[in-house]
Structures are given as C-alpha cells and as structure tokens.
Amino acid sequence: MIHIEHLNKVYNENAANAYTALHDINLHIRPAETVVLKGVSGSGKSTLLSIIATLIKPSSGELVVDGEQIAKLPDTHASHFRNAHIGFIFQAFNLFDELSVKDNIALPLIVTGMSQKSIDEKVQQAMKIAHISHKQDQSVQNLSGGEKQRCAIARALVHEPKIILCDEPTANLDRENSLKFIETLKQFKALGKTVVIATHDPLFDGLESVDRTIVIENGKITSS
Ligand SMILES: Nc1ncnc2c1ncn2[C@@H]1O[C@H](COP(=O)(O)OP(=O)(O)O)[C@@H](O)[C@H]1O
Ligand SMILES: [Mg+2]
C-alpha cells in the first residue's frame, strides 16, 4: 500500500541551514497493516508521515501510495490524492474550535461537492465509529481532550480513506483516553485500514493490534 525507496528529506535545501531530516528511507507497508513508527522527538517521524500524506514533498526518492507515484505530484493533485486516500490524526487535533463537532467532521466531504444528505449520513456513521455522536452539536472548544481526539478520529474516517496516519495520537491524552485510542486501533483494523502511528509512547509496545514496529533514529530506519 505504501512503498518508499531511497527517500531523503532535506529542509532548507541549498541554504546554509540545510538539515537532512530523513536519510535513505526504504519502507514497504502492506494493505491493512497496522504499523508503529517509533522514535524519540526529532527523529523524523512527523516528517515521514507528512511526506506520506503529501503535505510536504521529499527532496529525492520514490513514494508510491496505493499504486500511485506521488513524490512529485503538483500541489493540486496532491490535495486531491490526500482527500481520496488519507485520513490524518494530528497530535494537536487541528480542529476548528468555534465549529461544532459535526461541522468539523463534515469538512473533508464539503470540498468533494457531495450532496448534503450523503454528507449527513457519512458524518453520522463516522461519529458512531468514533463514539462522539452524543457531542455532535457542541462546539469543539467545549470538549475534553479525549473528546477532541474522538472528533479528530471521526474526521479522519469520514471520507473512508484506505490509509490512516496518526502523529503522536496519545501525546495529549491521559492514560484512560490513551487506552481508548488503542481500542480504536482494533476498529481501524476491522475496517481494513492501513494504519501508521508515529509515537514514542511505550503504551504501543507489544500490542496485539500492532503488526509491526519500525524504529527511526536520527532520520534513519534502524529496524523494520
Ligand atoms: N520545517 C522544518 N524546517 C527545518 N527543520 C525541520 C522542519 N521540520 C522539522 N525539522 C527538523 O527535522 C528533524 C525531524 O523533525 P520531525 O520530523 O518533526 O521529528 P519527530 O516528529 O520525530 O519529532 C528535527 O531535527 C526538526 O528540528
Ligand atoms: Mg513529531
């Protein structure tokens, strides 16, 4: 599902402060696989997830996602690709605080030009999976951290992407909500999603729902 070969990322390329964040990454993730990308802060996890999500471009190398060569897609194509294939759960949730839960979740669908009826149905379905239906009319600023994350999970699922990328999903959660997130991984699996979780949280060690742990250190994969 995700094929990465000889991928490099240099920030501020050609400038005095050029910084190589990813060195010769080679990685193959199968359809429906759940993978933990483990590494300390600064190791390059967010950079790698952002490249897979087409939010940023690699400096060199190959990236094929669901059969599409995406490393060099122009920005408009990249955003179409992202809307069709990728659900992203950000560490800081990246929700619109003044909007309701329901409206936040609907956002990825509004850009597709789908009918309001279909949008409503899909939003209801995603809220059900993420256990946030009871807060649908609340504005996000009134939610707890755990509820915000469930809203972010519903938004990541609503357009039915094949791939879900999670960046430090438990970094802003207490233990109880972190354990709930781990339960959600089982649902992603049941839905057949390909899942990549960037984290340094030991809670993800040895989980039954995780198929593989990939270790990244200083921008290099040291174990996969
Ligand atoms: N936009 C940027 N410009 C320059 N350097 C960056 C940028 N984003 C990240 N970096 C650097 O790249 C390295 C990897 O960062 P990141 O991918 O965010 O790591 P992680 O998510 O594992 O903490 C860090 O040293 C960070 O300072
Ligand atoms: Mg990060």
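**Student:** Sorry if this is basic, but what is going on with the environment of His131 here?
**Tutor:** Mapped onto the fold, His131 is located in the loop between helix H4 (116–129) and helix H5 (145–157). Along the primary structure His131 and Arg150 are separated by 19 residues, whereas in three dimensions their C-alpha atoms are 6.8 Å apart. Ignoring anything within four residues of it in the chain, the contact list for His131 reads Arg150 and Gln187.

**Student:** I'm lost on the sheet that holds strand E2 (residues 19–29) in this one. Help?
**Tutor:** Taken in spatial order, the 4 strands make up an open sheet running E2-E1-E4-E5, and their pairing is antiparallel. Either end of the sheet is taken by a strand with one partner, and the two such strands are E2 and strand E5 (68–69). Bridge count for strand E1 (residues 2–11) against strand E4 (residues 60–65) is 5 bridges, and the pairing is antiparallel. In the strand pairing of E4, Asn8 is matched with Ser60. Together, E1, E2 and E4 form the strand contacts of helix H1 (residues 45–52), whose direction differs from that of E1 by roughly 120°.

**Student:** Any chance you could explain the pairing of strand E8 (residues 194–199) here in plain terms?
**Tutor:** Of all 6 residues in E8, 6 are buried, a share of seventy percent or more. Both strand E3 (residues 34–38) and E8 contribute to a ladder of 5 bridges, which runs parallel. Its bridge partner being in E8, Leu37 is matched across the sheet by Ala198. Pairing between strand E7 (residues 163–167) and E8: 5 bridges, direction parallel. Residue pairing in the sheet places Ile163 in a bridge with Thr194 of E8. For the crossover that starts at E7, traverses helix H6 (residues 175–190) and ends in the parallel E8, the hand is right-handed.

**Student:** Just to check I follow, could you spell out the site of ligand 1 for this structure?
**Tutor:** The local shell around ligand 1 consists of Tyr11, Asn12, Tyr19, Ala21, Val40, Ser41, Gly42, Ser43, Gly44, Lys45, Ser46 and Thr47. Between ligand 1 and Gly44 there is a distance of 3.0 Å, counted from an oxygen atom to a backbone nitrogen or oxygen. In isolation ligand 1 has 560 Å² of accessible area, and contact with the protein removes 63% of it. Within the residue set of the shell around ligand 1, elements represented by two or more residues are E2 and H1. Among the elements that make up the shell around ligand 1, the one with the highest residue count is H1 (3 residues). Looking at the shell around ligand 1, its residues break down into 4 nonpolar, 7 polar and 1 charged.

**Student:** What exactly am I supposed to notice about the packing of aromatic side chains here?
**Tutor:** Given two aromatic rings, one states the distance between the centres and the angle between the planes to describe the pair. Counting across every chain of the model gives 2 aromatic pairs. Each ring, one from Phe88 and one from Phe90, has its centre 4.3 Å from the other, and the planes form 20°; the classification is stacked. When the ring of Phe181 is compared with that of Phe204, the centres are 6.3 Å apart and the planes differ by 65°; the resulting orientation is edge-to-face. Here the residue Phe181 occupies a position in helix H6, and Phe204 occupies one in the loop between E8 and strand E9 (212–217), the gap between them amounting to 23 residues. The exposure classification of Phe181 matches that of Phe204, with both residues buried.

**Student:** Could you clarify how one ought to interpret the sheet that holds E8 in this entry?
**Tutor:** Working definition: the strands of a sheet are paired by backbone hydrogen bonds and lie parallel or antiparallel to each other. Taken together, the 6 strands give an open sheet; going across it, the order is E6-E7-E8-E3-E9-E10, and neighbouring strands pair in mixed fashion. The outermost strands of the open sheet, each flanked by one partner alone, are strand E6 (86–89) and strand E10 (220–223). For this sheet, the mean inter-axis angle between neighbouring strands, taken without regard to orientation, is 25°. Along the sheet, H5 makes contact with E6 and E7, crossing E6 at roughly 170°. The sheet strands contacting H6 are E3, E6, E7 and E8, and the helix crosses E8 at an angle near 155°.

So, how was this worked out
- Residues numbered from 1 in each chain as written.
- Chains lettered and ligands numbered in written order.
- Predicted model: local features only at pLDDT ≥ 70, side-chain atom pairs only at ≥ 80, totals over all residues.
- Heavy atoms only, no water.
- Helix = DSSP H or I, 4+ residues; strand = E, 2+ residues; numbered from the N terminus.
- Contact = heavy atoms within 4.5 Å.
- Pairing = 2+ DSSP bridges.
- Axes fitted to C-alpha atoms, helices over the stretch in contact; angles between N-to-C directions.
- Buried < 20%, exposed > 50% of the residue type's maximum accessible area, 1.4 Å probe, protein only.
- Right-handed = clockwise from strand over helix to strand, strands pointing away.
- Near = heavy atom within 4 Å.
- Polar contact = N/O pair within 3.5 Å; in protein donor to acceptor, adjacent residues only side chain to side chain.
- Areas by Shrake-Rupley, 256 points an atom, 1.4 Å probe, with all protein chains shown as cover.
- Nonpolar A, V, L, I, M, F, W, Y, C, P; charged D, E, K, R; others polar.
- Phe/Tyr/Trp six-rings, centres within 6.5 Å; stacked < 30°, edge-to-face > 60°.

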